[in-house]
Each structure stands twice: as C-alpha cells, then as structure tokens.
Amino acid sequence: MLKILPHSQKFIIKLLFGAALTLVISSCATKPPASDLAARSAFKENNDRLEPFNRAMFDVDQAIDAVIFRPVAWTYREFVPDPVRRGITNFLRNLRSPITLASDLLQGNVDRAGQTIGRFVVNTTIGVLGFADIAADLGTPYHYEDLGQTLATWGLKDGSYLYLPVIGPTSFRDGFSQALDTFLIDPVAWYNYADNPGWVRWAYFGSVYIDARANTMTATDELKASSIDHYASLRSAYRQNREKEIRNGAPAPLPSMTNGEDDPFAEAPANK
Amino acid sequence: MMISRRDFATLSVACVAVSRSAFAQDWRNSPNALVEKFAEKGITDILGAAISQREKADRFRVLFKDFFDIPSIGRFVLARFARTASAEENEKFAMLFEDVIVYTWSRRFGEYKGQTLKVKDNTPDGNDGALVNSYIMDNDSQSFAVAWRLRKRAAGYRVVDIIIEGVSMAITYRQEYSTIIQQNGGIGGLLAQMQKQVDEMKAKLA
C-alpha cells in the first residue's frame, strides 16, 4: 500500500508508526490495588492506560494550541462575519459527504445513507457548492459519521484513550480510523493521488482544522476555565460526546452507581 | 376614604398576583414547565437584571438550590469515594461543590447575549424521573441540545443533571474528581483544590 502513496504520506505513516512504537515502550498508568474498590472502578471508567504519556502529549498540544491554532481560530472568529463562517462550515461538511456516506452504508444504515445522498445533491446544486445548507432547512439535518463510529457499531472497543499533539483527544480505534478516513476515503486524498498540486490538500486540512477549532472555542475555553484538572475533564467530555456520536444522538443509558442501586440519582439519605 | 382608580388598579393587580401564586407552583410537578421556569427566572431575575455580578451570583445560588437536588448530585459525583470519606469530609465536599457550581456559572453571566431556551419534549428516566430535551438558540442561529435530568422529590421535580451535546455535567465532575482523588492525596487533596478554585473564582467576581 505504501507504494501508491506520495512521499508526504509515507512520511506521515512513518511518523505515526514511530509514535505508536513510542507509545508501547512509554510508561503505562499504574493500576490501583484490587483492595481499593473506589480507585479500581474509577481507573476502569477512565480507561486511560497511557495516562503519563497522554498527559505529556496534552501539555505539548496545549502549548502549540496557545501559540498557533487558538490565536488563528480566534482571529478568524473575530474578523470573519458569522454567515460567512457558517457557509464555510457548510462547504467543508458537504465536501466530506463521501466519508459520511461510506460510514452510513458500512453501518447498514440505509435511511441515513439516503439522507446523505439527498443532502449532497441538494446542497451542491441549490446550495451553491454546499455553502448553504438548504437540505437542513428542508428538514434533513446534517449528521456526522466516520470509520471510528462504524467500527464502534461493529462492536470494536476504543482500546484506550489517546491524546496526540495537534490531533487532540482520541483513542486507538478512532485515531487509527481517522488516519484511514483522511488518507484513503476522503475524496481530497484521491484528488491528490492524481498528481494534483499538493497545496490543495494542505489548504483543505488547514481549513478543516481552523473551522473546527473556531466552532469549539467557546466550549473548550469554558471547560478549561471551569476545571481543576483540565486533562481529566477534557477526557471525560470528549468521550461522552464521542459516545453520543456513536449512538447517533440517542440519549445515554443511565450511568452506573456501583453500589447496587438501580437509580444513580436516588435521593440522598440526609435529604429524606 | 376614597379609593382612587389608581389604587384600585394596584389592588386588583395584587389580588391577581396572589391568586395566581396559589396555582403558580403547578410548574413544580411538570417536567417541561419546571425547566421553562428555571430558564425564565434565570433570564429575567439574573441574566437580564441590572445588578452587580456579586448580586447575580447570590441570586443564582438561591435559584440553584431551589431547582436542583444538590445532595443527590454530590453523592453521584463522589460515588464510591463518599463511603471512605469521613462525615466532615462529605459535609465539606457538599459545601464546596455548591460553591464551585455557583461561581463557575456566575463567571459567565456577563456574556449573556439574548440566547433563549426552547423545550422540545421529555421522556421517562430512572425512578420517577424525566429527561427533558431542550435547545438553546445562540445568536448566530446555531442551536445546541441541552437535556435536563429530573427526579421527583417531595416538593416536586428537581434537576439532578444537565447534559449539553451529550456531555453530562455530573459525569464530567465525577470523572475529573475521581482522577484528582487518586492522583492528589485522596479526598483531602480534592477538597483543598476545590477550596483554592472557589477562592480564585470568588476573587475574580468582586
């Protein structure tokens, strides 16, 4: 497979492989003793086997973000009017329709695949290359799908939490599938394999990144300002949001209380 | 003594207000109405009121205690660690947790730009509870989903969790706090860090 990829892809794959190797040999999180039930259940819930490594990568990522990506996204938000930014978000979403469609089909979700095709046709034509989300106004809202969600619906667990610089919070399953989505399924990747100028891909990556960063800025700022352990609260929030995407927005099952009660939000005894 | 027309008008308004308040508590027994009431009170009495930030925080504390079951949320957040903690530690946690929420929310009251909340529907949840689905409409016509987890208590429904775009406030606190407890010297370490956070947020509010 490596043969068909241009040089830049080979480099990235080598880089990913190198990162994976570092992960394996890096220190793992220490499992609490079996006697400490509370700590044990928290450890299991967090599912973060590489926590020391991830925390180091989190610090690196936060530093890069503070110096480069956040200021760029902030400027973009500040100086580009809302409707224009909205149009760009719509355009980029429309462009990744093939990934969504492939995922819908692989999940056996014919209804959603139909929605994706309908949205693509309507928005590309009447919506002027996808800048206007006419399909949503007509009653078919956007939905996000990717290979990681597909593998999750097939029953593949996320492996462990993973934090990578620039990429941000992910997991073994989702990080690996994101690479496949980006380099094999994305039509922009194919455009590049056909000997087209390389800057198109980097302009595309850059736009996707800054668009996403600008759209999540309020939420990430708020989480950072309100938490004591920013790494831990982001891990929790990321994972819950990811699970919601996998469930296609259906409400989460009630969290477990681990003390045998059937309702974790039962009335506190002191209150009765 | 003559009663002027104006006095009469005032009196009748007062009478209507009194008779309405007798029924006014009905919203406590309807999940959707309770959430709508919380948003309404929050917007008119706090977000839109011309009062100091500190006063907004004080008013929010009253509102929060009235609409939320804080002991039940605190118990969920501490989970198993509550059983190994002493009575004093549990009490201190309850006090600090209330402060953390009050000051976390209060920090952002100044940024309110006319967003509105629309309740969509509700589904049964847990024992005698409901999950109310709502949307917050942002100023750039973007909306995000907020679900309110409610439980029926003696005086009507109380909120036990808020879930924004799939992210539960209670679960996020629980997972963050359990990590702090494990890595920063047990529950004592958590309480010290919460106290520090509250002090900092309080100082910024003034």
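Before reading on, note that the structure itself is shown above.
Just so you know, these numbers come straight off a predicted model, no measurement behind them.

It is worth spelling out the overall build of chain B at this point. Regarding its fold elements, chain B presents 8 helices and 5 strands. Each helix (α) and strand (β) of chain B, taken in turn from the N terminus, gives the series α-α-α-α-α-α-β-β-β-β-β-α-α. Classification of the 206 residues of chain B by burial places 45% in the buried group. In the form shown here, chain B has an accessible surface area of approximately 10600 Å², with 56% of it arising from carbon and sulfur atoms.

For the rest of this paragraph, the subject is the overall build of chain A. The number of helices and strands found in chain A is 13 helices and 2 strands. Here chain A, with 272 residues, has 39% of them falling under the buried criterion. A fraction of 63% describes how many contacts in chain A between residues 6 or more apart in sequence connect residues 24 or more apart. For chain A, the exposed surface amounts to about 14500 Å²; the carbon and sulfur share of it is 67%.

What follows covers the interface of chain A and chain B. Across the contact, 46 residues belong to chain A and 42 residues belong to chain B. Both sides together, the interface formed by chain A and chain B hides about 3900 Å², and carbon and sulfur atoms give 50% of it. Our count for the contact surface shared by chain A and chain B stands at 4 salt bridges. Between aspartate 263 of chain A and arginine 151 of chain B there is a salt bridge, with the nearest N and O atoms lying 2.6 Å from each other.

For the rest of this paragraph, the subject is the sheet that holds strand β2 (residues 129-137) of chain B. Residues and elements named next belong to chain B. Pairing in this open sheet of 5 strands is antiparallel, and the strands run β1-β2-β3-β4-β5 from one edge to the other. The open sheet terminates on both sides in strands that have one partner only, identified here as β1 (116-125) and β5 (167-168). Relative to strand β4 (residues 156-164), strand β3 (residues 143-153) runs antiparallel, the two being bridged by 8 bridges. Each residue of the ladder has a partner; that of lysine 152, found in β4, is tyrosine 157.

Moving on, we come to the side chain of arginine 112 of chain A. Structurally, arginine 112 of chain A is set in helix α6 (residues 110-125). Ignoring sequence-local partners within four residues, the contact set of arginine 112 of chain A consists of Asp104, His143, Tyr144, Glu145 and Asn248 of chain A.

In this section: the environment of serine 143 of chain B. All names here are of chain B. Inspection of the secondary structure assignment puts serine 143 in strand β3. Of the residues examined, serine 143 reaches a relative accessible area of 37% and is grouped as partly exposed. In sequence terms serine 143 and threonine 116 are 27 residues apart; their C-alpha atoms lie 9.7 Å from each other. For serine 143, the residues in contact, after removing those within four places along its chain, are Tyr135, Ile136, Met137 and Glu165.

Rules and cut-offs
- Per-chain numbering applies: the sequence of each chain, read as written, is numbered from 1 onward.
- The naming scheme follows written order: chains are lettered A onward, ligands numbered 1 onward.
- Where totals are concerned, whole chains, interfaces and linings use all residues; where local detail is concerned, this predicted model gives features only for residues with pLDDT of at least 70, and gives and counts side-chain atom pairs only at 80 or more.
- Note that the side-chain values use all heavy atoms of the structure and ignore hydrogens as well as water.
- Each helix is a run of H or I in the DSSP string that is no shorter than four residues. Each strand is a run of E no shorter than two, and both are numbered from the N terminus.
- To sort residues, take the accessible area from a 1.4 Å probe on protein chains only and compare it with the maximum for the residue type: under 20% means buried, over 50% means exposed, and anything in between is partly exposed.
- Each accessible area is a Shrake-Rupley result for a 1.4 Å probe, and residues are judged covered by the shown protein chains and nothing else.
- Contacts are assigned to residue pairs that have any heavy atoms within 4.5 Å of one another.
- Take the accessible area each of two parts loses on contact, using a 1.4 Å probe, and add the two losses: that sum is the buried area.
- For this document, the term salt bridge refers to a Lys or Arg side-chain nitrogen within 4 Å of an Asp or Glu carboxyl oxygen.
- At least two DSSP bridges between two strands are required for those strands to pair.

Scope: geometric values only; no functional claims are made or implied.
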